[in-house]
Amino acid sequence: MTSDAALLERLAPTAGVGARAERGRAFFDAHGLPDPKAEAWRYTPVTEIRAALEHAVPAPCGSTSSTVADRPLIDALAGSHGGPRLVFVDGLFSAELSDVEATPGGLWIGDAEALRPRRAPGAPAPQDEPADGFHALNWAAGSDVAAVLVDADTHLDVPVHVVHLSTAGSTTSAGPDATAGADATVTHPRTVVRVGAGSTAAVIESFVGTGGPSITNSSTRVVAAEGATVTYHRVMSEPAEAIHVGRTGIEQAAHSRVAATSVITDGRIVRNAVDVVLGGDGARSDLSGLYLPTDHQRHDNVVTVDHVASHGTSTQRFKGIVDDHGRGSFSGHVIVRHGTVGTDAAQSNPNLVLTPTAQADTRPWLEIFADDVRCTHGATVGRLDDDALFYLRSRGIPTAQARAMLIAAFAAEVVDSVTPESLRDHLSTWLHTRTVEVSS
Amino acid sequence: MTDVIDGLVEREYAFGFESDIETERAPKGLNEDVIRLISAKKDEPEWLLEWRLAAYRHFITMVEPDWAKVQHPPIDYQDMYYWAAPKPKGPAPKSLDEVDPEIRATFDKLGISLAEQERLTGVAVDAIIDSVSVATTFKAKLAEVGVIFCSFSEAVREHPDLVRKYLGTVVPPRDNFFAALNSAVFTDGSFCFIPAGVTCPMELSTYFRINAKETGQFERTLIIAEEGASVSYLEGCTAPMRDENQLHAAVVELIALDDSSIKYSTVQNWYPGDAEGRGGIYNFVTKRARAGARAKVSWTQVETGSAITWKYPSVILQGDDSVGEFYSVAVTTNLQQADTGTKMIHIGRNTSSTIVSKGISAGRAQNTYRGQVKMLRSAQGARNHTRCDSLLIGSDCGAHTFPYVEVKNDTASVEHEASTSKISEDQLFYCRQRGLNEEDATSMIVNGFCREVFDELPMEYAVEAQALMRLTLEGAVG
Amino acid sequence: MLSISELTAVVDGKRILDGLDLEIAAGEVHAIMGPNGAGKSTLSNVLAGRDGYEVTGRVTLDGVDLLGLEPEQRAAAGLFLAFQYPTEIPGVGNMYFLRTALNAVRRERGEPEISAVEFLTLAKENMARLEMDPAFLSRSVNEGFSGGERKRNEILQMSLLQPRLAILDEIDSGLDIDALRIVANGVESLRSPDRAMLIITHYPRLLEYVRPDHVHVLTDGRITRSGDHTLALELEEHGYAPLTGSAR
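Residues numbered from 1 in each chain as written. Chains lettered and ligands numbered in written order. Predicted model: local features only at pLDDT ≥ 70, side-chain atom pairs only at ≥ 80, totals over all residues. Heavy atoms only, no water.

Visitor: What is the right way to look at the overall build of chain A in this model?
Guide: Along the backbone of chain A there are 8 helices and 21 strands. On C-alpha atoms alone, chain A measures out to a radius of gyration of 21 Å, which is about the 22 Å that the 2.2 N^0.38 rule sets for 440 residues. In terms of overall dimensions, chain A has C-alpha extents of about 65 × 55 × 45 Å along its principal axes. In chain A, buried positions account for 57% of the 440 residues. For chain A, the share of sequence-separated contacts (at least 6 apart) that also reach a separation of at least 24 residues comes to 84%. (Helix = DSSP H or I, 4+ residues; strand = E, 2+ residues; numbered from the N terminus. Rg over C-alpha atoms; globule rule 2.2 N^0.38 Å. Buried < 20%, exposed > 50% of the residue type's maximum accessible area, 1.4 Å probe, protein only. Contact = heavy atoms within 4.5 Å.)

Visitor: I would appreciate a short explanation of the sheet that holds strand β9 (residues 165–169) of chain C in the present structure.
Guide: Hydrogen bonds between backbone groups are what pair the strands of a sheet, and the pairing can be parallel or antiparallel. All names here are of chain C. Read from one edge of the open sheet, 6 strands run β6-β9-β10-β3-β11-β12, paired in mixed fashion. Strands with a single pairing partner mark the edges of an open sheet, and in this sheet they are β6 (79–82) and β12 (222–227). Averaged over all pairs of adjacent strands, the angle between their axes in this sheet comes to 20°, without regard to strand direction. Bridge count between strand β3 (residues 29–33) and strand β10 (residues 196–201): 5 bridges; the pairing is parallel. Within β10, the residue paired with Ala31 across the bridge is Ile199. (Pairing = 2+ DSSP bridges. Axes fitted to C-alpha atoms, helices over the stretch in contact; angles between N-to-C directions.)

Visitor: Would you mind showing me how to read the domain arrangement of chain A here?
Guide: A common way to report how large an interface is uses the accessible area buried once the components associate. All names here are of chain A. Its domain assignment divides chain A into domain 1 (4–118 + 129–278) and domain 2 (384–440). Between the C-alpha centres of domain 1 and domain 2 there is a distance of 30 Å. Of the roughly 890 Å² buried where domain 1 meets domain 2, counting both sides, 72% is carbon and sulfur surface. On the domain 1 side of the contact with domain 2, His81, His233 and Thr265 bury the most area, a combined 42% of that side's loss. In this assembly, domain 1 and domain 2 are joined by 0 salt bridges. Linking domain 1 with domain 2 are 3 residue pairs in polar contact (both at pLDDT 80 or more). When the residues that make up the side of domain 1 that touches domain 2 are grouped by side-chain class, the tally is 8 nonpolar, 6 polar and no charged. (Domains from an automatic or database assignment. Buried area = accessible area lost by both parts, 1.4 Å probe. Salt bridge = Lys/Arg side-chain N within 4 Å of Asp/Glu carboxyl O. Polar contact = N/O pair within 3.5 Å; in protein donor to acceptor, adjacent residues only side chain to side chain. Nonpolar A, V, L, I, M, F, W, Y, C, P; charged D, E, K, R; others polar.)

Visitor: What is the right way to look at the confidence of the model for chain C in this model?
Guide: In low-pLDDT segments, the atomic positions of the prediction should not be examined closely. The pLDDT averaged across chain C works out to 87; a share of 98% of its residues lies at or above 70. Confidence metrics for the complex model read pTM 0.86 and ipTM 0.86. (pLDDT = per-residue confidence, 0-100.)

Visitor: Teacher, can you tell me more about the interface of chain B and chain C here?
Guide: Chain B puts 19 residues into the contact, and the matching count from chain C is 33 residues. Between chain B and chain C, the buried area comes to about 2100 Å², and carbon and sulfur atoms account for 60% of it. Of all residues in chain B, Phe429(B), Tyr430(B) and Arg434(B) bury the most surface against chain C, accounting for 36% of the area lost on that side. The interface formed by chain B and chain C contains 4 salt bridges. Across the pair Glu72(C) and Arg432(B) runs a salt bridge whose closest N-O atoms are separated by 2.6 Å. Taken together, the links from chain B to chain C amount to 13 residue pairs in polar contact (both at pLDDT 80 or more). Those elements that place two or more of their residues in the side of chain B that touches chain C are α10 (425–433) and α11 (438–454) of chain B. Its residues assigned to classes, the side of chain B that touches chain C comprises 7 nonpolar, 5 polar and 7 charged.

Visitor: Even after reading the chapter, I still don't get the packing of aromatic side chains, so can you show me in this structure?
Guide: The geometry of an aromatic ring pair comes down to the distance between the two centres and the angle between the two planes. All names here are of chain B. Inspection of every chain in the model, using the stated rule, returns 25 aromatic pairs over all chains. With a centroid separation of 5.5 Å and 70° between ring planes, the pair formed by Tyr77 and Phe177 is classed as edge-to-face. In this pair, Tyr77 is assigned in the loop between α3 (46–59) and β2 (84–86) and Phe177 in helix α9 (residues 177–185), connecting sequence segments 100 residues apart. For the pair formed by Tyr77 and Phe177, the shared burial category is buried. (Phe/Tyr/Trp six-rings, centres within 6.5 Å; stacked < 30°, edge-to-face > 60°.)

Visitor: Sorry if this is basic, but what is going on with the interface of chain B and chain A here?
Guide: Between chain B and chain A, the contact holds 34 residues from the first and 37 residues from the second. The contact between chain B and chain A buries some 2800 Å² in all, and 48% of this surface belongs to carbon and sulfur atoms. Applying the counting criterion to the chain B and chain A interface returns 3 salt bridges. Between Glu367(A) and Lys69(B) there is a salt bridge; the shortest N-O distance is 2.5 Å. Here chain B and chain A share 18 residue pairs in polar contact (both at pLDDT 80 or more) between them. The set of elements that each furnish at least two residues to the side of chain B that touches chain A consists of β20 (366–375), β22 (398–407) and β23 (413–422) of chain B. Looking at side-chain class alone, the side of chain B that touches chain A contains 11 nonpolar, 14 polar and 9 charged residues.

Visitor: Looking at this structure, I do not really get the pairing of strand β17 (residues 323–332) of chain B. What am I missing?
Guide: Residue and element names in this part refer to chain B. The element β17 is largely enclosed, with a buried count of 9 among its 10 residues. Bridge analysis of strand β14 (residues 296–303) against β17 gives 8 bridges, and the strand direction is parallel. For Lys296, the partnering residue across the bridge sits in β17 and is Val323. Relative to strand β19 (residues 352–362), β17 runs parallel, the two sharing 10 bridges. Each residue of the ladder has a partner; that of Val323, found in β19, is Ser352.

Visitor: Just checking my understanding: could you explain the packing of helix α2 (residues 19–31) of chain A against helix α5 (residues 133–141) of chain A for this structure?
Guide: Between two packed helices, the angle of one axis relative to the other and the distance separating the axes together describe the packing. All names here are of chain A. Where α2 meets α5, the axes come as close as 7 Å, and the angle between the chain directions of the two elements is 145°. The interaxial crossing formed by α2 with α5 has left-handed handedness. Across the interface between the two elements, Arg20, Ala21, Arg23, Gly24, Arg25, Phe27 and Phe28 from α2 touch Gly133, Ala136, Leu137, Trp139 and Ala140 from α5. When the residues that make up the contact of α2 with α5 are grouped by side-chain class, the tally is 7 nonpolar, 2 polar and 3 charged. (Left-handed = near helix turned anticlockwise from the far one by under 90°.)

Visitor: What am I meant to see in helix α3 (residues 46–54) of chain A here?
Guide: In an α-helix, one turn spans 3.6 residues, which is why side chains three or four residues apart end up on the same side. Those residues of α3(A) lying buried are Val46(A), Ile49(A), Arg50(A), Ala52(A), Leu53(A) and Glu54(A). Elements that come into contact with the buried residues of α3(A) comprise α1 (4–11), α5, β7 (185–187), β10 (214–224), β12 (243–252) and β14 (269–278) of chain A.

Visitor: Teacher, can you tell me more about the pairing of β12(A) here?
Guide: Residues and elements named next belong to chain A. A large share of β12 lies buried, amounting to 9 of its 10 residues. Here β10 pairs with β12 via 10 bridges, running parallel. Looking at β12, one finds that Arg221 is bridged to Gly249. Two strands pair when backbone bridges link them, and β12 and β14 are joined in this way by 10 bridges, in the parallel orientation. Bridge pairing in β14 places Gly249 opposite Asp275.

Visitor: Honestly, the pattern of salt bridges in this entry has me stumped. Any pointers?
Guide: Close approach of charged atoms lets side chains of opposite charge pair. Scanning all chains against the criterion turns up 60 salt bridges over all chains. Where Arg337(A) meets Asp306(A), a salt bridge forms, and the shortest distance between an N and an O atom there is 2.7 Å. A residue pair is termed long-range when its members are at least 10 positions apart, and Arg337(A) in the loop between β18 (327–336) and β19 (343–353) and Asp306(A) in strand β16 (residues 298–307) qualify at 31 residues. The class of Arg337(A) is partly exposed, set by a relative accessible area of 36%. Residue Asp306(A) is classed as buried on the basis of its relative accessible area, which comes to 10%. One salt bridge in this structure joins Glu456(B) and Lys263(B), with 3.8 Å as the shortest N-O distance. Here Lys263(B) lies in strand β12 (residues 261–268) and Glu456(B) lies in the loop between α11 and α12 (459–474), a separation of 193 residues in the sequence. The network of salt bridges with common partners includes Glu39(A), Arg42(A), Arg363(A), Lys374(B) and Glu406(B).

Next comes the structure, spelled out in structure tokens:
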């Protein structure tokens, strides 16, 4: 087994300039990758990911243009949502594939370089710590940043689309260190969304690939200032061989509202961690998710909502559909801190198990240190409702189609609440295809 | 409301007296010699000594678990006594009349009058002080139908084959840190054997009392219900008020063979420590049952005592169509900590389990439900329903719910629901508008909250449990 | 018997009651009517002592200052509130609850407690009058009760507790015509020269069954009109619109 230090050298060899990269490196030096036995990593196969990382190579540097990526491909994989678009290919910003020209007033998007003039001189160095070893690695790698900055009192009526395309396995120039065979390339995408006080904004972040064994270690930070309303959709649809360890950190000031949806449509191992801190009075967080592992896929959702301030409201609604030998997991954690009042938190995680060999795990957790709360959670695991299936069949609908209808109905609650319509349509099309697949 | 909370925090422990019973003890500390001494004192066969020593040798390689949401200073396992017994005043008592009057007085004070029990209540009692069983009532009557109910030590002497056949089959000596410790040093406990087809004609009950200072209590209970047998068993526990923490690490094994039924009820009221968190029992207990085909095991617990409670009465649902139930009320006040729940491991087909947990947290206490439901691939058609509710009284306490659900087949169904809230202002106001004072209203609402669990207790203990809850909340006066 | 003067109530900075005055003598039945949001339920909550209101003014019952008392002390002083939405209390048996409440009030009044057997006889008599199934006694308080069952349960409690002043908050809401008749008969049977009643209602319908001595109209937090029972008929015909702020 490769040591953590060697892993770091291998995956983040020279990059990592700047204070944040230093913090990431220091954290990784101290802690390394997470302990596979740690509770938060119980359902993420850390050992398997580590093994893949040991054979992985960093994504190629320097080639800002890709021979395989063009606009129609991006549209097909990630959908087209009519607003500004930032495209990163294998971790690098692609100006020619992005649409950053016609940005409305008050919105600033681009990579770190493009937004350098926006940075206040003498801005304080970051004080936060990485959440875990993968997060630290993301920082240490010091990849290009996708930045979406919204001024105060700005109301955007089109969504900003951030696309991360992985062309691993389909590129021929995997770098001088590349060994033959199925060695994966690793990227460490980092996205920052900051929405100013009183503003309204929507961001769609798509992770897509053209095939091959890629490893994506992503980190997204969403900061909602006082009274901001933010919609954030995360669609993880890398190819079936891909590994994705993702973390979304959401920080909310007083009276802000953030609605975040995560959909995992594919990927061999996908971890979707969402950490929300309700730091200001009266903030509201609505999280939802959908995951459908099939084959031998592992999809793990680890969601924490921390009610640090009073009068917070949070909802979590994650739905799992597990097929074939797939294993889908949900660990939801609501924390209500001592001294807060007026907290309202609800958690739900219904699961559908489609085959005798699939597996669903659910851990809806509540950790409450204050009494003025109303917290509920519910989780179910079961198969399709026999009565409903029979009812549909008795009306002449063939079994496979009836199953597809019921599975789609189960998932619809999450997909139907997605806006904008273009994304909802994109997901509905995918859902339709998938439900037909899993029902036959 | 503040008054009620203050009252809750200031409640007094009613069983905190200490009896002046002369005690005989093994030397302080834990080593092979102490284990040999315990075994020798009890005149045990060689196999059992070897069993203990093997457990001990494994124990010293283990580390104390740290995953529970409880905090305590490190326990010095060498700084306590592992065996204490009331010193016999002459030969062993032949009947209740010959039991040491001080011991009888102790149980009278606890409301477990051994003599009266025998005459009136029709419940067979095994009374255990510190490490030793001091009296078992109704033995003769039970023997008529073939039921064996005696102290564990007696079972080792009189029924060694049964003990050897079943001991450690549900909770192996290496199962966990505290189970290994118990296996090495357990001193006494209760043994019940219900032969095939027999319905035990009365409730069986064990009353545990810690009396001696600086002494750990490590009892071992083994209940076997043969095919088609049925039994209802209750345990109660108390201890004196002391500034020190005392360790209680028990192991309970239930073997429910095909078509049998075991109902196991606990009213746990070990000394919880004072308002500042000084003293109190560390209650680290392993309780587990194995259910055969169509067997039913039901755990009911009312946990009001102990400084720390760490226990997860579990059922391995091995046989097809077996049923597991867990009904729990856990109350914590002051600085008490409870991390309790259950495990339902579904192996057989069409197995079903029900979990109902009610947690009440007041003062600065931390109350955690931790429960696992596992549906293995073989558990076709298995079902679980879990309901866990927490009630918070006061803004400085905590209530935590940590379920773990793993389902490995598509025919199983699991439903889990939970809620956490403070006592409803609407309910309080409604009661008070009808003339109830705040304390009575609180007590009434809390008892209502726990009703579903109390209903599972045998009648006379349901009354006792409600009285205990009331007592717990009675400090509210003032 | 009940004397209210200059009563104001503020909740979250909003003034709901705004200098309300009202006198009710023993034996009288008063009705307070008013449009939604006029402060009718606030009045009943404030009189019964519910938390969450900033209250000023003066309220006495038989000369006793009510505003300084806890809810249970007001109950002992003889105030009874029939709730618009009676609260569910899961796990608490109805009979146990009723007897505990009755004995708490009796203790306060220096009367002896009533035994379970006596209570049962008393409860069954009263339940028969309200056409209630005795099975109600073994169910949890209001849990799973229909709207009509809840309201009858309120009247049952009132008949057992024998209050000096009964406040009936929208006791007619959600009742069909049969249930309304039963509830109204229950109320009518509790009319007595020693007892005052304050009926709070949105619709005049109830007042056809229980004829009030006085009718008051509550708008914008104070009583804007008073009259006899014919005022209710007038309201039925013309609605509240001519009386509300918009018409002033």
